[in-house]
Amino acid sequence: MAPGVSILAATIPTADKEDVPAGKNPSPFAIKSGTSMACPHVAGAAAFVKSAHPGWSPSMIRSALMTTGT
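Residues numbered from 1 in each chain as written. Predicted model: local features only at pLDDT ≥ 70, side-chain atom pairs only at ≥ 80, totals over all residues. Heavy atoms only, no water.

### Structural notes on the overall build of the protein chain
The number of helices and strands found in the protein chain is 2 helices and 2 strands. Secondary structure elements of the protein chain occur, N-terminal to C-terminal, as β-β-α-α. Residues classed as buried in the protein chain amount to 14% of the 70 residues present. Of the contacts made within the protein chain by residues no fewer than 6 positions apart, 42% connect residues no fewer than 24 positions apart. For the protein chain, the accessible area works out to roughly 5400 Å², and carbon and sulfur atoms hold 64% of it. (Helix = DSSP H or I, 4+ residues; strand = E, 2+ residues; numbered from the N terminus. Buried < 20%, exposed > 50% of the residue type's maximum accessible area, 1.4 Å probe, protein only. Contact = heavy atoms within 4.5 Å. Areas by Shrake-Rupley, 256 points an atom, 1.4 Å probe, with all protein chains shown as cover.)

### Focus on helix α2 (residues 58-68)
Regarding α2, the residues found buried are Ile61, Ala64 and Leu65. Here the buried residues of α2 occupy an arc of 95° about the axis, which is enough to place them on one side. Exposed residues on α2 whose side chains face more than 90 degrees from its buried face are Ser59, Arg62 and Thr67. Those residues of α2 that are buried are in contact with α1 (35-52). (Arc of directions from axis to C-beta.)

### Observations concerning the confidence of the model for the protein chain
Model confidence for the protein chain is summarised by a mean pLDDT of 82, while 87% of its residues fall at 70 or above. At the low end of the mean pLDDT range in the protein chain sits strand β1 (residues 7-10), at 77; at the high end sits α2, at 93. (pLDDT = per-residue confidence, 0-100.)

### Re the environment of Pro28
Relative to the helices and strands, Pro28 resides in the loop between β1 and β2 (29-32). Given the relative accessible area of 42%, Pro28 is considered partly exposed. Remark: the alpha-carbon pair of Pro28 and Thr11, spanning 17 residues in sequence, is separated by 5.5 Å. Discounting chain neighbours no more than four positions away, the residues touching Pro28 are Ala9, Ala10 and Thr11.

### Some points on a nonpolar patch on the surface
Residues Leu8, Phe29 and Ile31 make up a contiguous nonpolar surface patch of about 350 Å² in total accessible area. Structurally, Ile31 can be placed in strand β2. You can call Ile31 exposed: its relative accessible area is 55%. (Patch = residues over 30% accessible without salt bridge, like charges linked within 9 Å, V, L, I, M, F, W, Y side chains within 5 Å. Salt bridge = Lys/Arg side-chain N within 4 Å of Asp/Glu carboxyl O.)

As C-alpha cells, this is what we get:
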C-alpha cells in the first residue's frame, strides 16, 4: 500500500567521479526504491490521518489509507 518505487530522496554524494559529467557536481539526491523509502511516507500519512481522527484505531487508519489511496 506504500509508494516504494522511484522515490526522490536525499543521498550521500557519490565518491566515484566517473558517474558525474565533467564540470558538474554530484547531486545530493537520487531515485531510490524499496520498503525503506516507503516507510517514512506511510508513517507520515498515518500521522496525518491520526491527527484528523484521534479516536481511530491503527486498523481504522490502515483501512483508510488502503481504501482511499490512488
